[in-house]
Amino acid sequence: MADSLQDSSLGGLIRRYVSASALLISATVLALVFANLPATRNFYAWLWEQPVSLSIGSFNVFSHGGHPMSLLDFINDYLMFFFFLSVGLEIKREVLCGELSSRQKALLPIIGACGGMLLPVVVFFCVCLGHPMMERGCAIPMATDIAFSLGVLSIFSKRVPAGLKIFLAALAVADDLGGIIVIAIFYSQGLAWQYLIGAAAVVAILLYGNFKGVRLKAFYMALGMVLWYMVLNSGIHATIAGVVLAFCIPANLVKGTRYYAQRIRSLVNRYPEIEVTEADKNKPVVIDKAELQILRRIESASDYLISPLQDIEDQLTLPINYAVIPLFAFANAGVDFTDLSFMSLFHGVALGVFLGLLIGKFTGVLSFSWLSIKLGWCQMPEGANWRSFASVCMLCGIGFTVSMFIAALSYPVHLGQEAADMLNEAKLGILCGTIASAIVGSLMLNYTLPKQVAK
């Protein structure tokens with residue numbers, strides 16, 4: 001029964017990411033079209049430079065260093081704050097009660113993720129060694145895109161053992177955590193201590209509210225916006241505020257889930273039974289005050305039954321998957337091929353990213369996992385063998401969202417035309433590396449997985 005429930009939950013997770021990845025692909029294709037058609041190329045570039053403001057008197061909420069954000073900055077620094085909030089909530093949930101909640105569950109995907117982050121950096125660094133500007137992007141091929149990778153895995157449906165699906169999902173979560181740490185450490189600029197002190201004060205208030213049993217979502221989200229502004233202007237990348245906020249949001253209930261579930265059952269039992277005939281089922285009914293009071297208590301208990309962490313994560317799922325990430329892809333995936341040729345993929349940044357994703361991710365995840373299993377630290381995922389496990393490791397080279405994000409941080413436009421050209425090359429490497437990893441991984445899975453599954 002437990003295995004059935006786990007498989008059902010995993011199936012829901014994968015179905016959610018399948019539709020999200022389809023929308024992500026559509027947004028990417030649209031970005032490439034807009035960035036390269038002569039009729040839309042200039043408009044596409046002009047659009048993201050437009051200023052965004054939300055002013056209260058002379059104070060502009062969407063400002064950085066006294067200057068208003070561009071539309072591209074608004075997407076990458078503000079909307080992506082909610083993406084990283086969602087990632088942070090997912091990581092916290094997995095650590096507390098999910099696939100990263102115990103040593104036995106977490107060790108293999110975490111070790112695999114470490115290899116999958118280290119080897120791509122080494123591959124990129126070897127390709128771009130000796131060029132300081134190129135070397136800025138060595139972290140680009142570190143990330144695995146959970147939506148794309150699970151979307152590809154879903155093609156094979158029940159042929160894929162549940163253990164492999166869990167491994168890939170958990171590895172992608174651990175991978176995201178690694179990417180967050182890299183962004184926090186290596187992509188921070190000159191620090192403004194007054195804003196850092198302000199951010200620390202906000203975090204202290206959030207933690208105190210958590211400790212005192214505050215479970216009001218508005219409390220955490222309102223202070224989260226203040227935290228975002230403080231971090232934005234502190235010199236640390238603003239999206240880190242999303243992760244910090246996630247770890248301040250409570251995952252438990254004041255009186256526990258069982259208390260509120262039992263309260264709901266008790267209140268439902270007190271509500272009078274009503275016999276409804278076919279003729280009366282659409283007629284309006286006036287509820288007396290006693291019944292209304294019971295219904296309101298049930299509603300109140302239901303609100304408390306779901307922890308703030310789970311509730312906010314659930315509410316963020318649709319806007320993140322179907323608005324924020326596709327918009328991010330449309331704004332950032334537009335590779336202008338005007339000054340690029342097919343040969344651009346065979347040198348410099350594009351080659352480093354391409355090989356980092358296709359070779360580095362596969363080699364890193366597989367070798368570190370193999371070593372940990374051979375040393376007896378971990379066990380092979382249930383239902384898998386080395387051939388099918390290697391096939392899933394190849395899917396780890398599907399990088400997109402976080403890779404694109406790190407690319408934009410590595411080669412910001414204010415560094416000049418050379419950085420802009422390298423950003424374009426990095427995007428080309430990400431797209432080609434992702435497509436190649438998806439194709440090779442799919443072919444490997446089709447060959448290694450059983451052709452039929454026993455009913």
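Residues numbered from 1 in each chain as written. Predicted model: local features only at pLDDT ≥ 70, side-chain atom pairs only at ≥ 80, totals over all residues. Heavy atoms only, no water.

## Looking at the overall build of the chain
Rules: Secondary structure elements are taken from DSSP: a helix is a run of H or I of four residues or more, a strand is a run of E of two residues or more, and numbering for both begins at the N terminus. Contacts are residue-level and defined by heavy atoms, with any inter-residue pair within 4.5 Å sufficient. In these tables, accessible area is a Shrake-Rupley quantity obtained with a 1.4 Å probe, and a residue counts as shielded only by the protein chains included in the view.
Each helix and strand counted, the chain has 17 helices and 5 strands in total. For the chain, the share of sequence-separated contacts (at least 6 apart) that also reach a separation of at least 24 residues comes to 81%. Of the roughly 22600 Å² that the chain leaves accessible, carbon and sulfur atoms contribute 64%.

## Side note on the side chain of Asn 60
To keep it simple, the criterion reads: For this analysis, a polar contact is any N or O atom pair within 3.5 Å, provided that within protein one partner can donate a hydrogen and the other can accept it, and provided that sequence-adjacent residues contribute only side-chain to side-chain pairs.
Tracing the backbone through its elements, the reader meets Asn 60 in strand 3 (residues 59-60). Within the structure, Asn 60 has its side chain in polar contact with the backbone nitrogen of Leu 54 (distance 2.9 Å). Setting aside chain neighbours within four positions, we find Asn 60 in contact with Val 52, Ser 53, Leu 54, Ser 55, Pro 68 and Tyr 229.

## Points about the pairing of strand 5 (residues 67-70)
Note the threshold: Pairing between strands requires that DSSP locate at least two bridges from one strand to the other.
Here strand 1 (residues 51-52) runs beside strand 5; their pairing, made up of 2 bridges, is antiparallel. The partner of Pro 51 across the bridge, within strand 5, is Ser 70. The antiparallel hairpin formed by strand 4 (residues 63-64) and strand 5 contains 2 residues in its connecting segment, where Gly 65 sits at a positive phi of about 65°.

## Some words on the pattern of salt bridges
Applied cut-off: For this document, the term salt bridge refers to a Lys or Arg side-chain nitrogen within 4 Å of an Asp or Glu carboxyl oxygen. Only protein chains enter the area calculation, which uses a 1.4 Å probe; residues under 20% of their type maximum are buried, those over 50% are exposed, and those in between are partly exposed.
The full count for this structure, using the stated rule, is 5 salt bridges. With a closest N to O distance of 3.8 Å, Arg 41 and Asp 336 form a salt bridge. Of this pair, Arg 41 sits in helix 2 (residues 41-47) while Asp 336 sits in the loop between helix 13 (308-332) and helix 14 (348-374), placing them 295 residues apart in sequence. Measuring nitrogen to oxygen at the nearest pair gives 2.6 Å for the salt bridge that ties Asp 311 to Lys 217. You can see Asp 311 sitting in helix 13 and its partner Lys 217 sitting in helix 9 (residues 217-232), a full 94 residues away along the chain. Residue classification places Asp 311 among the buried residues on the basis of a relative accessible area of 16%. The class of Lys 217 is partly exposed, set by a relative accessible area of 27%. Salt bridges here are not isolated pairs; linked through shared partners, they connect Arg 93, Glu 94 and Glu 313.

## A word on the confidence of the model for the chain
Formally: pLDDT is defined as a per-residue confidence score from the predictor, taking values between 0 and 100.
On average, residues of the chain score 83 in pLDDT, and 89% of them are at 70 or above. Looking over the chain, one finds the lowest element-wise mean pLDDT in helix 1 (residues 2-36), namely 67, and the highest in helix 14, namely 94. Scored below 50 in pLDDT, residues 1-10 makes 7 contacts in the model with residues more than four places away or belonging to other chains.

## With respect to the environment of Gly 98
Along the chain, Gly 98 falls in the loop between helix 3 (71-97) and helix 4 (103-128). A C-alpha to C-alpha distance of 8.8 Å links Gly 98 and Ala 170, two positions 72 residues apart in sequence. Other than its neighbours up to four places away in sequence, Gly 98 contacts Arg 93 and Lys 105.

## Things to note about the packing of helix 16 (residues 401-410) against helix 17 (residues 417-448)
To keep things clear, this is the line we draw: In this analysis an axis means a line fitted to C-alpha atoms, helices contributing only their contacting stretch, and an angle means the value between N-to-C directions, from 0 to 180 degrees. When an angle is under 35 degrees it counts as roughly parallel; over 145 it counts as roughly antiparallel; between 65 and 115 it counts as roughly perpendicular; any other value is oblique. Two helices cross in a left-handed way if the nearer one is turned anticlockwise from the farther one by less than a right angle. They cross in a right-handed way if the turn is clockwise. Polarity classes work like this: nonpolar for Ala, Val, Leu, Ile, Met, Phe, Trp, Tyr, Cys and Pro, charged for Asp, Glu, Lys and Arg, and polar for all others, with Gly in that last group.
The geometry of helix 16 relative to helix 17 is characterised by a closest axis approach of 10 Å and an angle of 165° between their N-to-C directions. Considering their axes alone, helix 16 and helix 17 lie roughly antiparallel with respect to each other. Judged by the twist between their axes, the crossing of helix 16 over helix 17 is right-handed. In this structure, helix 16 contributes Ser 403, Met 404, Ala 407 and Ala 408 to the contact, and helix 17 contributes Leu 423, Ala 426, Lys 427, Ile 430 and Leu 431. Of the residues contributing to the contact of helix 16 with helix 17, the split by class is 7 nonpolar, 1 polar and 1 charged.

## A look at a nonpolar patch on the surface
What counts, and what does not: Only residues whose relative accessible area exceeds 30% and that form no salt bridge enter a patch; like-charged residues are grouped when within 9 Å of one another, and nonpolar side chains (Val, Leu, Ile, Met, Phe, Trp, Tyr) when within 5 Å.
Where nonpolar side chains cluster on the molecular surface, the patch consists of Trp 370, Leu 371, Leu 375, Trp 377 and Trp 386 and spans about 530 Å² of accessible area. Within the fold, Trp 370 resides in helix 14. Among the residues examined, Trp 370 registers a relative accessible area of 42% and is labelled partly exposed.

## Topic: the environment of Leu 443
Position of Leu 443 relative to the elements: it lies in helix 17. The exposed category is assigned to Leu 443, whose relative accessible area is 60%. Sequence-wise, Leu 443 and Ser 391 are 52 residues apart; in three dimensions their C-alpha atoms are separated by 8.4 Å.

## Details of helix 10 (residues 240-248)
Counted residue by residue, helix 10 has 7 buried out of 9 residues, so it is predominantly covered. Turning to helix 10, its buried residues are Ile 240, Ala 241, Gly 242, Val 243, Leu 245, Ala 246 and Cys 248. Contact partners of the buried residues in helix 10: helix 3, helix 7 (162-186), helix 8 (193-211) and helix 9.

## Re the sheet that holds strand 4
Taken in spatial order, the 3 strands of this open sheet run 1-5-4, and their pairing is antiparallel. At either margin of the open sheet sits one strand with a lone partner, and together these are strand 1 and strand 4. On the sheet, helix 3 packs against strand 1 and strand 5 and is oriented at approximately 80° with respect to strand 5.

## Here we look at the side chain of Thr 239
Mapping Thr 239 onto the fold places it in the loop between helix 9 and helix 10. Of the residues examined, Thr 239 reaches a relative accessible area of 0% and is grouped as buried. Here His 237 takes part through its side chain, which lies 2.9 Å from a polar atom of the side chain of Thr 239. Contacts of Thr 239, omitting those with residues within four sequence positions, involve Asn 76, Asp 77, Met 80, Phe 81, Phe 84 and Phe 405.

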